[in-house]
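Chain by chain, the residues run as shown.
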Amino acid sequence: MHKFILTLLAATTFSSTLVLAQGVPAPGSAESLKKVMVIAHRGEHLKHPENTMPAFQAAIDAGADFFELDVRTTSDGKFVLMHDSKVDRTTNGTGEVHDLTFDQIRALDAGAKFSPAFAGTKVPTLDEAFDLARGKINVYVDTKHADPQQLVDTITHHDMQDHVVIYGNPFFLYEVHKINPALRVMPEAITSDICKFLVRGIQPKVLAYDVNDFKDDVIACAKQANAQIYVDRLGDADNPEAWQKAIDQGANGIQTNLPGELAEYLRAHNLATH
């Protein structure tokens, strides 16, 4: 970590302004500065199988500004979307994603375990998710296992540079930043000191928070850096009282399991982006 921090301190600074997706303000744009982004965790996954195309479409239909997805790489170098390192929980298969070929994963059923109504649903690719999102919604890319250059190339190929935030470990994000400083990397704030190092090194325009680091001193770091604040409000914290408290503390985006309900709440309080 010490070596990494020194590297960050020497890194060049960057800034980027995101343009609008069709009907959806991009993060950091003038249209979104006084509004709050709805981030659908793994898509709308309470009524649809997580990290699948039906869940992503439902997030769009619910009025979310982002759907969040998890990227992993198959044994033959393809990007597929799955939160867990293994396929066991969400599909009818077994094994580690990185040990299986794309064709093996594509042959799995990613919907039947959730509900018979979704039987036959496939594990999607990142390409498919970007094709669905483009012009409709932004994408929160949670990078579990991916090559930085390949990820940058995929984002660029789909012309999604202005409509993604990229989450991952700081070493990975630093590599992405070196390849394309204009891309919007989003490190976890973690602590006040680490947040300050990240700000000095790569000047992220957005910082991620969860329940553990969404504290006054760590939040102050983002505010001092004029960075957007995207915070998780999941599980027991996914309710109007917790949403409003996060907004009062400075949240610009909220990751939720209830995108439709959060969007409705924000509209009722004149905080929705659209």
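Parameters and conventions
Residues numbered from 1 in each chain as written. Predicted model: local features only at pLDDT ≥ 70, side-chain atom pairs only at ≥ 80, totals over all residues. Heavy atoms only, no water. Salt bridge = Lys/Arg side-chain N within 4 Å of Asp/Glu carboxyl O. Buried < 20%, exposed > 50% of the residue type's maximum accessible area, 1.4 Å probe, protein only. Helix = DSSP H or I, 4+ residues; strand = E, 2+ residues; numbered from the N terminus. Arc of directions from axis to C-beta. Contact = heavy atoms within 4.5 Å.

**Things to note about the pattern of salt bridges**
Moving on, step 1. Overall, the coordinates contain eight salt bridges when judged by the stated rule.
Moving on, step 2. Notably, a salt bridge pairs Arg89 with Asp84, separated by 2.7 Å at the nearest N-O pair.
Moving on, step 3. Judged by relative accessible area, Arg89 falls into the partly exposed class, the value being 42%.
Moving on, step 4. Close ionic contact of Glu175 with Lys178 constitutes a salt bridge, the shortest N to O distance being 3.4 Å. Highlighted residues: Glu175 and Lys178, both in helix 6 (residues 170-179), separated by three residues, approximately one helical turn.
Moving on, step 5. The class of Lys178 is partly exposed, set by a relative accessible area of 48%.
Moving on, step 6. Salt bridges sharing common partners tie together Arg42, Glu50, Asp84 and Arg89.

**Details of helix 8 (residues 216-224)**
Moving on, step 1. All buried positions along helix 8 are accounted for by Val218, Ile219, Cys221 and Ala222. Each buried residue of helix 8 sits inside an arc of 145° when the element is viewed along its axis, so together they form one side. Residues of helix 8 that are exposed and point more than 90 degrees away from the buried face comprise Asp216 and Gln224.
Moving on, step 2. Elements in contact with the buried residues of helix 8: helix 7 (192-202), strand 7 (206-209) and strand 8 (228-232).
Moving on, step 3. Following helix 8 by one or two positions, Asn226 adopts a phi angle in the positive range, close to 55°.

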